[in-house]
Amino acid sequence: MRIVAVVNNKGGVGKTTITANLGAGLAARGLKVLMIDLDPQASLTKSFFTVDESQLFLSKLQTVGAWFRAPDKGRAQVLADLVFSPPRCNALIGKQGGWLELVPSDPLIINSESLIPGAVDNSGHIKPSKFVALHRRLAEDLSDPAFSKYDVVLVDCAPAFSLTTKMATVAADMLLMPARPDFLSTEAIQVMGQRLLELTKAFNQHREAAPAEAPPMRMPRVAVLFTMVQWYNGSPIDVQAQFINEVKALGVPVFDTLIRDRSNAYAASGRHGVPTIMAGGVAPEVRANLHDCVDELLKMFERL
Ligand SMILES: Nc1ncnc2c1ncn2[C@@H]1O[C@H](COP(=O)(O)OP(=O)(O)OP(=O)(O)O)[C@@H](O)[C@H]1O
Ligand SMILES: [Mg+2]
């Protein structure tokens, strides 16, 4: 199983769009994919329902909030019981493909640490004695046999380096970092690098202070995926090419695939309950662009 956390502190860079499309693209190649929505905005969850369906049963679904509230005993099974199969997507994937499942989110997980039994002290700070176990919560549970049927787990994170994002980071084999090729996004990539170093250090210090069976944390592999790239005469416009090259010069691994800026294809994504890669009426080059990204991710898996 490969666990990919889709992260970037910066908002609106395409994390949810990429998670949904890679999930559907990987499932269409025959893989068994689980997506976990760890963003209180629940955008990924909403992307798999039409507007009517959302009103009908989205509000009735059990969400990942139940997993945060769960006691340690039997916790992995609580997570497994939340899994939902988006019917529209799986019907399109068909019998020759794999399948795509989802753990839904809801706005109440915004303060996840306060939901977890015994995680914080009276002033709302994470108890040092709980630090390692809390950060390994997702890693632990995804290693439960209940999840061994999945080939890939994609975790869509909120635009913040919150406890939920840190849990996903600790669990991940790889961090996929969607970013726009602009100044602020380039800066955000560097900030994320710093945050990763700090988390790794803090985790390992807490682990040494209170020896636990947990393995030490290693810096996860990172790959930046540029999104919303504007194309002119067969290549990105100059100003964007400059920022892409700046990130490469930092030594950060970057996907060769550049996700093109196509508002007309992506603006309505989610409305029909299926991601762009399998939605009707989408230009073939938009689908091909997303399939290139799926291909490249599969190659990266081979090298992990
Ligand atoms: N390649 C693209 N071209 C044009 N628009 C895009 C593209 N990718 C995503 N978008 C649009 O950009 C907006 C933000 O995308 P998305 O929600 O995936 O970002 P995000 O990083 O998950 O945001 P947040 O940080 O709020 O979770 C959405 O309206 C989406 O439809
Ligand atoms: Mg999002």
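For the structure, see preceding data.
Predicted model only: the values in this text are computed from it and were never measured. (Residues numbered from 1 in each chain as written. Chains lettered and ligands numbered in written order. Predicted model: local features only at pLDDT ≥ 70, side-chain atom pairs only at ≥ 80, totals over all residues. Heavy atoms only, no water.)

Engineer: Which parts of the structure should I look at to understand the packing of aromatic side chains?
Structural biologist: Aromatic ring pairs: the centre-centre distance and the angle between the two ring planes describe each pair. Taken as a whole and assessed by the stated rule, the structure comprises four aromatic pairs. Each member of the aromatic cluster is reached from another via a ring pair, and the members are Trp 99, Phe 147 and Tyr 150. The lysine or arginine in question, Arg 137, covers the ring of Trp 67, its NZ or CZ lying 5.0 Å from the ring centre. Note that Arg 260 overlies the ring of Trp 231, its terminal NZ or CZ placed 3.6 Å from the centroid. (Phe/Tyr/Trp six-rings, centres within 6.5 Å; stacked < 30°, edge-to-face > 60°. Lys NZ or Arg CZ within 6 Å of the ring centre and 35° of its normal.)

Engineer: Sorry if this is basic, but what is going on with the site of ligand 1 here?
Structural biologist: Near ligand 1, the surroundings consist of 18 residues, among which Gly 12, Lys 15, Thr 16, Thr 17 and Arg 260 are the closest. Asp 261 has a polar side-chain atom sitting 3.4 Å from a nitrogen atom of ligand 1. Protein chains bury 79% of the 640 Å² of accessible surface belonging to ligand 1 in isolation. Of the pockets mapped on this structure, ligand 1 occupies the largest pocket. If you list the elements that add at least two residues to the shell around ligand 1, you get helix H1 (15-28) and helix H13 (263-266). (Near = heavy atom within 4 Å. Polar contact = N/O pair within 3.5 Å; in protein donor to acceptor, adjacent residues only side chain to side chain. Areas by Shrake-Rupley, 256 points an atom, 1.4 Å probe, with all protein chains shown as cover. 1 Å grid on protein atoms, 1.4 Å probe; cavity = no way out; pocket = protein on both sides within 12 Å on 5 of 7 lines; lining within 4 Å. Sits in = over half its atoms within 2 Å of the grid points. Helix = DSSP H or I, 4+ residues; strand = E, 2+ residues; numbered from the N terminus.)

Engineer: Please clarify how the pairing of strand E5 (residues 174-179) should be interpreted in this entry.
Structural biologist: Side-chain direction in a regular strand flips from residue to residue, so the side chains alternate between the two faces of the sheet. Counting buried positions along E5 yields six of six residues, so the element is predominantly enclosed. Of the two faces of E5, both are covered, the one formed by Met 174, Leu 176 and Pro 178 as well as the one formed by Leu 175, Met 177 and Ala 179. For strand E1 (residues 2-6) and E5, the ladder comprises three bridges, and the chain directions are parallel. Within E5, the position partnered with Val 6 by the bridge is Leu 176. Both E5 and strand E6 (residues 221-226) contribute to a ladder of six bridges, which runs parallel. Note on E6: the bridge partner recorded for Pro 178 is Leu 225. (Buried < 20%, exposed > 50% of the residue type's maximum accessible area, 1.4 Å probe, protein only. Pairing = 2+ DSSP bridges.)

Engineer: Which parts of the structure should I look at to understand the sheet that holds E6?
Structural biologist: Taken in spatial order, the six strands line up as E3-E2-E4-E1-E5-E6 in an open sheet, and their pairing is parallel. Looking at the sheet topology across the chains shown, the edges are occupied by strand E3 (99-103) and E6. Adjacent strand axes in the sheet meet at a mean angle of 20° when their direction is disregarded. (Axes fitted to C-alpha atoms, helices over the stretch in contact; angles between N-to-C directions.)

Engineer: Looking at this model, I keep getting lost on the layout of surface pockets. Mind explaining?
Structural biologist: By rolling a water-sized probe across the atoms, one finds the places where empty space is left. Empty space within the largest pocket amounts to approximately 520 Å³. Listing elements by their share of the lining of the largest pocket, those giving two or more residues are H1, helix H2 (43-47) and H13. The greatest single-element share of the lining of the largest pocket, amounting to six residues, is contributed by H1. Residue composition of the lining of the largest pocket, grouped by class: twelve nonpolar, 14 polar and five charged. Volume-wise, the second largest pocket comes out at about 400 Å³. (Points joined across faces, edges and corners; volume = space filled by probe spheres on them. Nonpolar A, V, L, I, M, F, W, Y, C, P; charged D, E, K, R; others polar.)

Engineer: Before we go on, may I ask you to explain unusual backbone geometry in this structure?
Structural biologist: A negative phi angle characterises most non-glycine residues, just as the trans form characterises most peptide bonds. Positive phi outside glycine occurs at Met 228, with the angle close to 55°. Residue placement: Met 228 occurs in the loop between E6 and strand E7 (231-232). Judged by relative accessible area, Met 228 falls into the partly exposed class, the value being 23%. A positive phi is found at Asn 233, a non-glycine position, where the angle reads about 55°. Examined against the element boundaries, Asn 233 turns out to sit in the loop between E7 and strand E8 (235-236).

Engineer: Can you help me understand helix H14 (residues 284-303) in this one?
Structural biologist: Quick reminder: α-helices carry 3.6 residues per turn. Residues three or four places apart thus point the same way. With 20 residues, H14 should reach 28 Å at 1.5 Å per residue; the first-to-last C-alpha distance of 29 Å fits that figure. Among the residues of H14, those classed as buried are Val 286, Asn 289, Leu 290, Cys 293, Val 294, Glu 296, Leu 297, Met 300 and Phe 301. The arc that holds the buried residues of H14, viewed along the axis, is 165°, so those residues lie on one side. When the buried face of H14 is taken as reference, the exposed residues oriented beyond 90 degrees from it are Pro 284, Lys 299, Glu 302 and Arg 303. In the core, the buried residues of H14 are packed alongside E1, H1, strand E4 (152-157), E5, E6 and H13. (Expected span 1.5 Å × (residues − 1). Arc of directions from axis to C-beta. Contact = heavy atoms within 4.5 Å.)

Engineer: Is there a simple way to think about the nonpolar core in this case?
Structural biologist: Across soluble globular proteins, nonpolar side chains have a tendency to be buried as a group. Grouped together as the largest cluster of nonpolar side chains are 54 residues, with contacts concentrated most on Ile 36, Leu 79, Leu 138, Val 155, Val 224 and Phe 226. In this structure, Leu 79 is in contact with Val 64, Trp 67, Val 103, Leu 138, Asp 141, Leu 142 and Phe 147, ignoring residues within four places of it in sequence. In terms of nonpolar packing, the next biggest core, distinct from the first, is built from 39 residues, Val 4, Cys 89, Leu 154 and Ala 279 among them. (Core = buried A, V, L, I, M, F, W, Y, C linked by side-chain atoms within 4.5 Å.)

Engineer: Would you mind showing me how to read the pattern of salt bridges here?
Structural biologist: Any two side chains of opposite charge can pair, given that their charged atoms come close. Inspection of the entire model under this criterion finds six salt bridges. With a shortest N-O distance of 2.8 Å, Asp 141 and Arg 75 are connected by a salt bridge. Of the two residues, Asp 141 is situated in helix H9 (residues 137-142) and Arg 75 in helix H5 (residues 75-81); the sequence distance between them amounts to 66 residues. Exposure class is identical for Asp 141 and Arg 75. Each is buried. Each of Asp 72, Arg 75 and Asp 141 takes part in a single network of salt bridges with overlapping partners. (Salt bridge = Lys/Arg side-chain N within 4 Å of Asp/Glu carboxyl O.)

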